[in-house]
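Coordinate analysis (summary)
One letter stands for each residue in the lines below.
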Amino acid sequence: MIDYARVEHLVRQAGQMILDANITREQIHTKESRDNFVTDYDIRIQQYLVDNLRILLPEAGFFCEETMQDSESRDIRKGFCFYIDPIDGTTNFIYGYHFSCVSVGIALDGRMIAGFVYNPYNNEMYRAIRGQGAYLNDRRLWTENRTLADGILAFGAPADTTKGETFFKMLYQLYEVTQTIRNGGSAALDLCRVASGSNTAFIQTRLSPYDYAAASVIIEEAGGVITQLDGSPVSLEENCLVIAGAPVAYVQTRNIALRMLDKK
Ligand code: 2AM
Ligand code: CA
């Protein structure tokens with residue numbers, strides 16, 4: 001039995017580290033693309049989570065955003081695995097947008113069983129344990145089954161600018177049929193806002209498992225849907241395109257994405 005209260009406490013502590021951060025230029029480093037940053041805080045917070053979660057569940061594997069010094073090559077499809085994004089929305093963090101979160105998901109034998117996504121700036125803790133419902137702080141979440149015309153569609157822009165034209169042509173089609181669009185800059189929080197109903201749907205063409213693992217179980221426990229473009233479950237092993245939504249809005253979004261992106 002996992003001590004979920006302890007996991008939640010650690011995620012809150014990690015969130016406090018985001019609030020306490022005092023970021024300087026020297027602490028910001030770019031990764032492979034112009035919009036992909038890592039700061040010393042990402043690394044520090046991830047290390048804090050790994051060290052403490054390892055004490056809690058020594059047999060668990062880890063799938064983390066930042067490279068781990070002592071990373072192990074373990075089959076993540078077997079046993080417990082933590083999916084950790086220490087700061088999702090790093091660009092927001094750097095520019096003071098106050099829309100970033102700590103995301104920790106737990107999988108067992110290749111299936112997500114729990115997720116915690118915490119935005120420390122407004123003290124919003126999204127959490128779900130498989131079979132026990134999804135919550136935003138103390139409020140039980142249930143995704144109202146709205147259409148795209150009845151709400152906000154959130155998206156994440158491709159990091160690779162060469163993919164931008166195709167993506168934004170697709171987005172234009174979505175924009176025409178939805179009330180309005182938003183790019184939050186934190187996939188995990190935009191996905192949790194699908195669970196809470198603030199977003200009716202979400203799409204991003206290339207995300208990594210640590211971006212969406214925790215949020216995926218929160219969405220499903222709230223009655224929403226999250227898949228890849230072909231309708232299969234989101235991958236817990238490699239990058240994939242992610243579509244999520246209230247059931248009807250999800251189908252509408254996927255149909256437009258299939259029409260505009262699937263060149264097969
Ligand atoms: P990050 O802030 O942890 O880097 C922004 O559109 C969203 O996409 C954020 O959740 C961001 O996570 C994620 N993101 C940005 N670049 C990415 C990349 N190259 N691979 C996977 N996810 C990325
Ligand atoms: Ca991320």
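Relevant structure appears above.
Residues numbered from 1 in each chain as written. Chains lettered and ligands numbered in written order. Predicted model: local features only at pLDDT ≥ 70, side-chain atom pairs only at ≥ 80, totals over all residues. Heavy atoms only, no water.

1. Topic: the nonpolar core
By size, the foremost hydrophobic cluster in this structure holds 39 residues, and its most contacted members are Tyr-83, Val-117, Tyr-126, Leu-191, Phe-202, Ile-218 and Val-242. Top contributing element to this core by residue count: helix H6 (residues 209-221), with eight residues. Composition of this core by domain shows at least three residues from each of domain 1 (4-141) and domain 2 (148-261). Counting 33 residues, the second largest nonpolar core, distinct from the first, contains Tyr-4, Val-11, Ala-21 and Ile-45. (Core = buried A, V, L, I, M, F, W, Y, C linked by side-chain atoms within 4.5 Å. Buried < 20%, exposed > 50% of the residue type's maximum accessible area, 1.4 Å probe, protein only. Helix = DSSP H or I, 4+ residues; strand = E, 2+ residues; numbered from the N terminus. Domains from an automatic or database assignment.)

2. With respect to H6
What sets the pattern is the α-helix's 3.6 residues per turn: residues three or four places apart point alike. Spanning 13 residues, H6 covers 18 Å between terminal C-alpha atoms, matching the ideal 18 Å at 1.5 Å per step. Of all bends in H6, the biggest is about 30°, found at Ala-215. The element H6 is largely enclosed, with a buried count of 12 among its 13 residues. Of the positions making up H6, those classed as buried are Pro-209, Tyr-210, Asp-211, Tyr-212, Ala-213, Ala-214, Ala-215, Ser-216, Val-217, Ile-218, Ile-219 and Glu-221. One or two steps after H6, the chain reaches Gly-223, where phi turns positive at roughly 90°. (Expected span 1.5 Å × (residues − 1). Bend = angle between axes of the 7 residues up to and from the residue.)

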